[in-house]
10 protein chains.
Amino acid sequence: MSKTPRKSSKSEGLQLGRAVEWPDTPERAKLDRVPNPQADTNYVVRFTAPEFTSLCPITGQPDFAHLVIDYVPGQWLLESKSLKLYVASFRNHGAFHEDCTVAIGKRISSEIKPKWLRIGGYWYPRGGIPIDVFWQTGRLPKGMWVPEQGVAPYRGRG
Amino acid sequence: MSKTPRKSSKSEGLQLGRAVEWPDTPERAKLDRVPNPQADTNYVVRFTAPEFTSLCPITGQPDFAHLVIDYVPGQWLLESKSLKLYVASFRNHGAFHEDCTVAIGKRISSEIKPKWLRIGGYWYPRGGIPIDVFWQTGRLPKGMWVPEQGVAPYRGRG
Amino acid sequence: MSKTPRKSSKSEGLQLGRAVEWPDTPERAKLDRVPNPQADTNYVVRFTAPEFTSLCPITGQPDFAHLVIDYVPGQWLLESKSLKLYVASFRNHGAFHEDCTVAIGKRISSEIKPKWLRIGGYWYPRGGIPIDVFWQTGRLPKGMWVPEQGVAPYRGRG
Amino acid sequence: MSKTPRKSSKSEGLQLGRAVEWPDTPERAKLDRVPNPQADTNYVVRFTAPEFTSLCPITGQPDFAHLVIDYVPGQWLLESKSLKLYVASFRNHGAFHEDCTVAIGKRISSEIKPKWLRIGGYWYPRGGIPIDVFWQTGRLPKGMWVPEQGVAPYRGRG
Amino acid sequence: MSKTPRKSSKSEGLQLGRAVEWPDTPERAKLDRVPNPQADTNYVVRFTAPEFTSLCPITGQPDFAHLVIDYVPGQWLLESKSLKLYVASFRNHGAFHEDCTVAIGKRISSEIKPKWLRIGGYWYPRGGIPIDVFWQTGRLPKGMWVPEQGVAPYRGRG
Amino acid sequence: MSKTPRKSSKSEGLQLGRAVEWPDTPERAKLDRVPNPQADTNYVVRFTAPEFTSLCPITGQPDFAHLVIDYVPGQWLLESKSLKLYVASFRNHGAFHEDCTVAIGKRISSEIKPKWLRIGGYWYPRGGIPIDVFWQTGRLPKGMWVPEQGVAPYRGRG
Amino acid sequence: MSKTPRKSSKSEGLQLGRAVEWPDTPERAKLDRVPNPQADTNYVVRFTAPEFTSLCPITGQPDFAHLVIDYVPGQWLLESKSLKLYVASFRNHGAFHEDCTVAIGKRISSEIKPKWLRIGGYWYPRGGIPIDVFWQTGRLPKGMWVPEQGVAPYRGRG
Amino acid sequence: MSKTPRKSSKSEGLQLGRAVEWPDTPERAKLDRVPNPQADTNYVVRFTAPEFTSLCPITGQPDFAHLVIDYVPGQWLLESKSLKLYVASFRNHGAFHEDCTVAIGKRISSEIKPKWLRIGGYWYPRGGIPIDVFWQTGRLPKGMWVPEQGVAPYRGRG
Amino acid sequence: MSKTPRKSSKSEGLQLGRAVEWPDTPERAKLDRVPNPQADTNYVVRFTAPEFTSLCPITGQPDFAHLVIDYVPGQWLLESKSLKLYVASFRNHGAFHEDCTVAIGKRISSEIKPKWLRIGGYWYPRGGIPIDVFWQTGRLPKGMWVPEQGVAPYRGRG
Amino acid sequence: MSKTPRKSSKSEGLQLGRAVEWPDTPERAKLDRVPNPQADTNYVVRFTAPEFTSLCPITGQPDFAHLVIDYVPGQWLLESKSLKLYVASFRNHGAFHEDCTVAIGKRISSEIKPKWLRIGGYWYPRGGIPIDVFWQTGRLPKGMWVPEQGVAPYRGRG
Ligand SMILES: [Ca+2]
Ligand SMILES: [Ca+2]
Ligand SMILES: [Ca+2]
Ligand SMILES: [Ca+2]
Ligand SMILES: [Ca+2]
Ligand SMILES: [Ca+2]
Ligand SMILES: [Ca+2]
Ligand SMILES: [Ca+2]
Ligand SMILES: [Ca+2]
Ligand SMILES: [Ca+2]
Ligand SMILES: [Ca+2]
Ligand SMILES: [Ca+2]
Ligand SMILES: [Ca+2]
Ligand SMILES: [Ca+2]
Ligand SMILES: [Ca+2]
Ligand SMILES: [Ca+2]
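A quick note: this is a predicted structure, and the numbers were derived from the prediction, not measured.

Thresholds applied
- Residues numbered from 1 in each chain as written.
- Chains lettered and ligands numbered in written order.
- Predicted model: local features only at pLDDT ≥ 70, side-chain atom pairs only at ≥ 80, totals over all residues.
- Heavy atoms only, no water.
- Buried < 20%, exposed > 50% of the residue type's maximum accessible area, 1.4 Å probe, protein only.
- Helix = DSSP H or I, 4+ residues; strand = E, 2+ residues; numbered from the N terminus.
- Pairing = 2+ DSSP bridges.
- UniProt positions renumbered as here; feature names shortened; annotations may be inferred.
- Contact = heavy atoms within 4.5 Å.
- Buried area = accessible area lost by both parts, 1.4 Å probe.
- Polar contact = N/O pair within 3.5 Å; in protein donor to acceptor, adjacent residues only side chain to side chain.
- Nonpolar A, V, L, I, M, F, W, Y, C, P; charged D, E, K, R; others polar.
- Salt bridge = Lys/Arg side-chain N within 4 Å of Asp/Glu carboxyl O.
- Patch = residues over 30% accessible without salt bridge, like charges linked within 9 Å, V, L, I, M, F, W, Y side chains within 5 Å.
- Areas by Shrake-Rupley, 256 points an atom, 1.4 Å probe, with all protein chains shown as cover.
- Lys, Arg positive; Asp, Glu negative; His and termini not counted.
- Charge placed at Lys NZ, Arg CZ, Asp CG, Glu CD.
- Least-squares fit on C-alpha atoms with pLDDT ≥ 70 in both.
- Phe/Tyr/Trp six-rings, centres within 6.5 Å; stacked < 30°, edge-to-face > 60°.
- Donors = N, O, S within 2.8 Å, 3.2 Å for Na, K, Ca; no water.
- Expected span 1.5 Å × (residues − 1).

Enquirer: Could you give me a rundown of the pairing of strand S5 (residues 116-123) of chain G, with the residues and numbers involved?
Expert: Consecutive side chains of a regular strand alternate in pointing toward one face of the sheet and then the other. Residue and element names in this part refer to chain G. In terms of residue burial, S5 counts as a mostly covered element, since 8 of its 8 residues are buried. Side-chain alternation along S5 places Trp-116, Arg-118, Gly-120 and Tyr-122 on one buried face and Leu-117, Ile-119, Gly-121 and Trp-123 on a second face that is also buried. By the bridge criterion, 7 bridges tie S5 to strand S6 (residues 131-138) in an arrangement that is antiparallel. Bridged to Gly-121 within S6 is Val-133.

Listed below in structure tokens is the structure:
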């Protein structure tokens, strides 16, 4: 029999499939994990989040970024609605670009304990200068296939 | 004499060449294999399925993906109408993107026992965030030629 | 003598050049206008705001858009820091895409009374479907030169 | 005071902001309209739906399309979650491409009574041949600005 | 003295330079070979055949492909008019894409006994799913230069 | 006899061909004009200045722009080294983008009295928002040929 | 009988088909014309000369340009070897860009008396600022077909 | 009954379907026409001939061109094998680029009497300078759709 | 002192700098070599000849090719005017594509005795099928830098 | 204290910052070097000179090239104004393309003693055939990042 999707015991404890209050801080955001249904297998998951926004810790000005996260799951998958909410929770959070990017990588890493994870943060320019941040953790298992993230370089006007 | 195409004994047991009920679940979908007519030979077959759709296992919302599957056949080929039907059978099936993608890779793998197989699942964004899944199995025989899949990264608007 | 930039009487009443509290609502956001230093002249000003974000009025989910505003100033110019702040003030504001886009066009229009104004709002997809909103007001004076906005159509994945 | 988004009386009767059963037929799908908050104003709304799928009325095979809808609202706006659900309701509905495309245009038109509406349906190839369908109704008010839909022509392989 | 082209003994037995009946089956198609005029030399020959068509062996529906063949000739060259006729002979022939592609590779290989040969078959979508087939045989002599085939990935519409 | 280039009476009064102090304000910058050697003729001259920089009149922050100037000369040509110096003189000058752009257009216009002139100012983003300014003056003589300026729209990251 | 090309009376007086001294000044360069073999017909001839170089009349620095010349011939055609030599003759000639471009247009115009002629001079940047010059003369006969010159706008780096 | 293609009276007098001697001069080349099967309809036919070569009438040097011919047929269509032979007949023919291009246009025009015809001749550079020739004749019927020929402008290197 | 170019003893025996009869066969074409002025150095020279044409050895039909030749000179350089004449000498010569391409490579190789040479022959389609030929000889010295030839793959239409 | 730029002892002996006579031969051109301020670090410097011109040593005809020079500095940097003057000094210098390109590489190499240097010379076509010259010297230190020069291959017309 097919898995007919419906609100089931499977979603217990998940934010997915329920109306959820938007979290106002990263701390209050809950990252949900679900058991990796393919836990005996090494594969790569890539999330692309072009709608990231946070605040400058000093001036309070809004900052924007395009994030790309690649990981090889262990026992857990990162549930994507909870990622959406976590991403959204930075909306009123103040942190430097570098801090923000690496902190997201680390938080996800500590919650889902992937075999390997990398994050690329491609920030919109402030004062004319975009910042890109690249971080990885763990060890890419042998024989994995991981395409390039392929974000175009910034070029201003003209 | 040429092989004049007609409904022949060759198609016995195949869904190809017959009107077939669309399978409503992946379980009911039958993956047909045909003897690899070139079984003494190592070569690569690539399927591109830009018309994949399934349901979210928790909410029942429709999900969409662009799939690319590469394999080196052993004794069997995957028959493409049955792949089309299998792909279509996810239409009302609920599963996570990661599960779906790897499960498709594994199901094909277990049915046709390829020497090597990889699958790339490029999912349309949900909540603004697309997921890509990359998996491979077996060992690429030496001296094979396999071009890149080359799907463009997601970038939102503007 | 050159106009040495410094905090001067010219900036009286402006938010530019002062530390300003980020406005939390569009109503609290002050759109500053400065006397059009070229008020005897018909010309076009284009603002591009790829960093717009607001909230869904019903669900509270964050929305994102890329905005392009073209206008022919009359007696006033729209000051761009105040536009930045106004744009930022939608961060926790709930309104439909259509309303938001047209309201921004109208608010700017009523504050600076341009001879002509148009706004294109290119929204990131929600539920897989992006919305674009196109509005214009007033009458383009004869002999003006206005290039196309040229934002690419949305196409999902693959 | 800003419109703080929350579940309010405004959403009464809407499917937006509530868990909703996915409609299984276009007939059961409810197209929600909301009062046009800018009803005194002529402007254009564009929806892009790259995730459309229906069934062939004869064979039951799944069909796929990329839809673009442009309209000038009158008293009502088309609510986009209801459009998403309406679009999704064709999932198990059988109709010819031409019929489907024009029917969608007409249904929206009859529900929201726009001043003008056009729909472009760009269908994935079947038997190697994609079909595009173009329809419009009503009369574009003078002085409107409506960019091209800009979908690339199909070109097969090689 | 230069080799003035004319119908000569050189063309004896060739289909080139004569009106030829179009072969109706691959079996009836004659692949002509000419002595490799540079037989003491390792080099690569690439044929590109964007106009290949055959029939589905089961359903009789027409199939289309873009073929690219690379080989290192030994004693013989494949004559290109005979390749054109061979390619054309598949018009009413039924075979699977994989079989067709590899069979063409093998037939050419057995007739002209190249030192190495590879074929890429890029098939137009059937049921929305294109198949690509990649095969090579023999051993590329050391120090050869073979550029990529560079055919673009399939992407549907939108 | 050919015009052998050398420091000649022709350059009297020009900054061209001499070491020149960089002007620190636009007022101190001297725009040199030379007699239009083709004064009996209507033609268009286009300058492209991708290296423009000025200061915000209020905050003193540096601003950047890509400028394109088109004009039909009357009795005078604008000498390009003097334009370079004039452009450079804005380095420590404070003015709004709109003012700057139109003022440059007007200053050049008043110095060289062209039959027609237009200027496009494409400013780098400040606070994430680039401004483009489009102005023209005079009347394009009949039958002139003026290609589009063709500067690409801004799009942030991702 | 066909016109067998050979050195004939037709070339009397032409520089074409003979070894010619390179002219050192534009004055010494001879522009050859040949009778328009289609003189009863209006058509357009386009020359593209990407190898133009001259000297600054004041400083002696080398200047470079890409020239495009379009004309509708009257009784005469401009012979292209003589154009090559004329173009080369500016190598040690000093003149302003505007003068140079229009002078070339006029010289050609006065020698071959076209019905219409235009010249686009696209000069390499000096001090970071390129100059383009656009001139036309005469009157384009009705119903002519003249494609755009299509030279890309300058954009510096990034 | 279907129109079975065979050598019929319809081809009487045509070069198509017969072995034909290559014509050595344009005069000896025969342009075949066939009745326009859609003679009550205005439509456009485009031929592209990238393999044109002729000789310089003065020096005998080989010249090369890429030709594009567009026409609206009247009572006749130009048969394409005869065009191939006509094109090939210029191989040892000497004529200026301008003459050659317009003569081809005129010859075709006089043979098939189109309602409108245009020819673009894009010649390879000689002495660094390519020549393009654009000619049209007759009058384009109203409401016709004729895409640009879109041959890229020449740009040398870099 | 600079090397002032003039007709000098250096050109003795060369075809360069003299009026030369066009050779009618490859045998009559003379390939000139000049002493390698940098003979103590390993470097690469690339010739691109987009204007190659020959005849089919059997049918006499014209063939066209785009040739790219890379080599590392030893004691001699290939003089490019003589290459132009050699290339032109194939105009009425009949040979298969493969033969032609490799023969050109070998002839050059035997005349100038390079350390390494490769030739890519990219032939225009015949019967819808283009042929590319790739050959190299000698041994690329270590540490050389040789960019790809980068000729785009053929793709027919659409 | 900040490094205030002024004419200092640092510039002693440099041509930079002074009016300089244009050198008429490469021998008279002086290449200036400055101490590498990052001499303990391996990095790449790229110069692009699209405005190179010299003369043919045999015929005196003008030649044009686009040059790209990459190097890893050792103790010295190449000062760019002196490179501009050196490049300009070839204007009336006669040398073969191959000689010119390699000689420039060697001269720079001997003056600044880089760890590694390469030069690509992309020459404009003569007789329809462009020449590219590629040379490198020294040894690229491990782990360096050197992007391709990426100059497009020549393709004639069409
Ligand atoms: Ca910024
Ligand atoms: Ca720029
Ligand atoms: Ca979405
Ligand atoms: Ca954006
Ligand atoms: Ca897709
Ligand atoms: Ca299909
Ligand atoms: Ca194709
Ligand atoms: Ca799509
Ligand atoms: Ca983005
Ligand atoms: Ca150029
Ligand atoms: Ca510059
Ligand atoms: Ca260049
Ligand atoms: Ca070519
Ligand atoms: Ca063909
Ligand atoms: Ca040339
Ligand atoms: Ca061509």
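Having seen it, we continue.
Enquirer: If you had to explain the UniProt feature "binding site: substrate" (unreviewed entry) in chain A to someone new, which residues and values would you point to?
Expert: UniProt's feature table lists "binding site: substrate" (unreviewed entry) at A:Leu78, A:Glu79, A:Ser80, A:His97 and A:Glu98, given in the numbering used throughout. Annotated residues spanning 21 residues; largest pairwise C-alpha distance 24.2 Å, indicating distribution over more than one region. Residue placement: A:Ser80 occurs in helix H1 (residues 80-88). The exposure class of A:Ser80 is partly exposed, given its relative accessible area of 22%. Leaving out residues up to four positions away in the same chain, A:Ser80 has contacts with A:Phe47 and B:Ile131. Assignment of secondary structure puts A:Glu98 in helix H2 (residues 97-112). When neighbours within four sequence positions are excluded, A:Glu98 is seen to be in contact with A:Ile131 and A:Val133.

Enquirer: Just give me the short version of the interface of chain E and chain D, but keep the residues and values in it.
Expert: Contact residues are listed per partner, giving 17 residues for chain E and 17 residues for chain D. Summed over both sides, the interface between chain E and chain D buries roughly 1,400 Å², with carbon and sulfur atoms accounting for 51% of that surface. Put simply, chain E and chain D have 0 residue pairs in polar contact (both at pLDDT 80 or more) between them. For the side of chain E that touches chain D, the class distribution of residues is 9 nonpolar, 5 polar and 3 charged.

Enquirer: With reference to specific residues and values, describe the pattern of salt bridges.
Expert: Tallied over the entire structure, the rule returns 76 salt bridges over all chains. Between C:Asp70 and C:Arg46 there is a salt bridge, with its nearest N and O atoms 2.6 Å apart. Here C:Asp70 is found in strand S3 (residues 62-72), whereas its partner C:Arg46 is found in strand S2 (residues 43-55), with 24 residues between them in sequence. Taken individually, C:Asp70 and C:Arg46 each receive the classification buried, so the pair is uniform in this respect. Residues joined by salt bridges that share partners form a network here, namely A:Arg46, A:Asp70 and A:Arg118.

Enquirer: An account of the interface of chain E and chain B is requested, with residue identities and associated values reported.
Expert: Counting from both sides, the interface comprises 38 residues of chain E and, opposite them, 40 residues of chain B. It is E:Ile58, E:Ile129 and E:Phe134 in chain E that bury the most area against chain B; as a group they hold 24% of the surface buried on that side. At the surface where chain E touches chain B, the tally comes to 1 salt bridge. Taking the shortest distance from any N to any O, the salt bridge between B:Asp40 and E:Lys106 comes out at 2.9 Å. Across the chain E-chain B interface, the total number found is 7 residue pairs in polar contact (both at pLDDT 80 or more). Mapped onto the side of chain E that touches chain B, the elements with two or more residues apiece are helix H2 (97-112), strand S5 (116-123) and strand S6 (131-138) of chain E. Of the residues contributing to the side of chain E that touches chain B, the split by class is 19 nonpolar, 11 polar and 8 charged. Relative to S6(E), strand S2 (residues 43-55) of chain B is paired through 5 bridges, and the arrangement is antiparallel. Bridge assignment links B:Arg46 to a residue of S6(E), and that residue is E:Asp132.

Enquirer: So, a positive patch on the surface: which residues are in play, and what are the values?
Expert: Taken together, the side chains of G:Arg139, G:Lys142, H:Arg139 and H:Lys142 define a basic patch exposed on the protein surface. Within the fold, H:Arg139 resides in the segment after strand S6 (131-138). Judged by its relative accessible area of 73%, H:Arg139 is exposed.

Enquirer: Would you mind going over the relation of the copies chain E and chain B in detail, with residue names and values included?
Expert: Superposition record for chain E on chain B: RMSD 0.2 Å, screw rotation 59 degrees, translation along axis 0.4 Å. Considering both components of the superposition, the chain copies are consistent with a six-fold axis. Scanning chain E for the C-alpha nearest the rotation axis identifies E:Gly150, at a separation of 11 Å. Interface overlap between copies: only 3% of the residues of chain E at the interface are likewise at the interface in chain B, consistent with a contact formed by different surfaces.

Enquirer: Tell me about the packing of aromatic side chains, residues and numbers included.
Expert: Here the structure, examined in full by the defined rule, presents 70 aromatic pairs over all chains. Between E:Trp145 and I:Phe134 the ring centres are 5.1 Å apart and the planes differ by 70 degrees, which places this aromatic pair in the edge-to-face class. With one member in each of two chains, E:Trp145 in the segment after S6 and I:Phe134 in strand S6 (residues 131-138) form a pair that bridges those chains. You can call I:Phe134 buried: its relative accessible area is 1%. Ring geometry for G:Phe64 against J:Phe64: centres 6.4 Å apart, planes inclined by 90 degrees, an arrangement best described as edge-to-face. Residue G:Phe64 is found in strand S3 (residues 62-72), and its partner J:Phe64 is found in strand S3 (residues 62-72); the two belong to separate chains. Under the relative-accessibility criterion, G:Phe64 is labelled buried at 5%. An aromatic cluster is defined as three or more aromatic residues linked by ring pairs; in this entry it consists of A:Phe52, A:Tyr86, A:Phe90 and A:Trp123.

Enquirer: Outline the coordination of the calcium ion (ligand 1), supporting the account with residue identities and numerical values.
Expert: The calcium ion (ligand 1) binds to the protein through A:Pro125 (O) and F:Pro125 (O), with metal-donor distances spanning 3.0 to 3.2 Å. Within this pair, whereas A:Pro125 is found in the loop between strand S5 (116-123) and strand S6 (132-138), its partner F:Pro125 is found in the loop between strand S5 (116-123) and strand S6 (131-138), the two belonging to separate chains. In terms of burial, A:Pro125 and F:Pro125 fall into one category: buried.

Enquirer: Before we move on, could you go through the UniProt feature "active site" (unreviewed entry) in chain A and cite the residues and values that matter?
Expert: Residue and element names in this part refer to chain A. In this structure's numbering, the residues bearing the UniProt feature "active site" (unreviewed entry) are Cys-56 and Asp-63. Tracing the sequence through the fold places Cys-56 in the loop between strand S2 (43-55) and strand S3 (62-72). The residues touching Cys-56, leaving out its near neighbours within four places in the chain, are Gln-61, Asp-63 and Gly-94. Assignment of secondary structure puts Asp-63 in strand S3. Here Asp-63 is in contact with Phe-52, Thr-53, Ser-54, Leu-55, Cys-56, His-97, Trp-123 and Arg-126, once residues within four sequence places are set aside.

Enquirer: Talk me through unusual backbone geometry; I want residue IDs and the actual numbers.
Expert: Residue and element names in this part refer to chain B. The phi dihedral of Lys-113 is positive, around 45 degrees, even though this residue is not glycine. With respect to the secondary-structure elements, Lys-113 resides in the loop between helix H2 (97-112) and strand S5 (116-123). A relative accessible area of 55% means that Lys-113 is categorised as exposed.

Enquirer: Kindly report on helix H2 (residues 97-112) of chain J, identifying the contributing residues and their values.
Expert: All names here are of chain J. Taking 1.5 Å of rise per residue, 16 residues should cover 22 Å, and H2 covers 23 Å from first to last C-alpha, within 8% of that figure. For H2, every residue scored as buried is listed here: His-97, Glu-98, Asp-99, Cys-100, Thr-101, Val-102, Ile-104, Gly-105, Ile-108, Ser-109 and Ile-112. Immediately beyond the C-terminal end of H2, within one or two residues, lies Lys-113, with a positive phi of roughly 45 degrees.

Enquirer: An account of the environment of A:Pro50 is requested, with residue identities and associated values reported.
Expert: In this structure, A:Pro50 sits in strand S2. The buried category is assigned to A:Pro50, whose relative accessible area is 4%. Taking the C-alpha atoms as reference points, A:Pro50 and A:Leu67, separated by 17 residues in sequence, lie 6.1 Å from one another. If we ignore the near neighbours within four places in the chain, the residues touching A:Pro50 are A:Ala65, A:His66, B:Gly128, B:Tyr154 and C:Tyr124.

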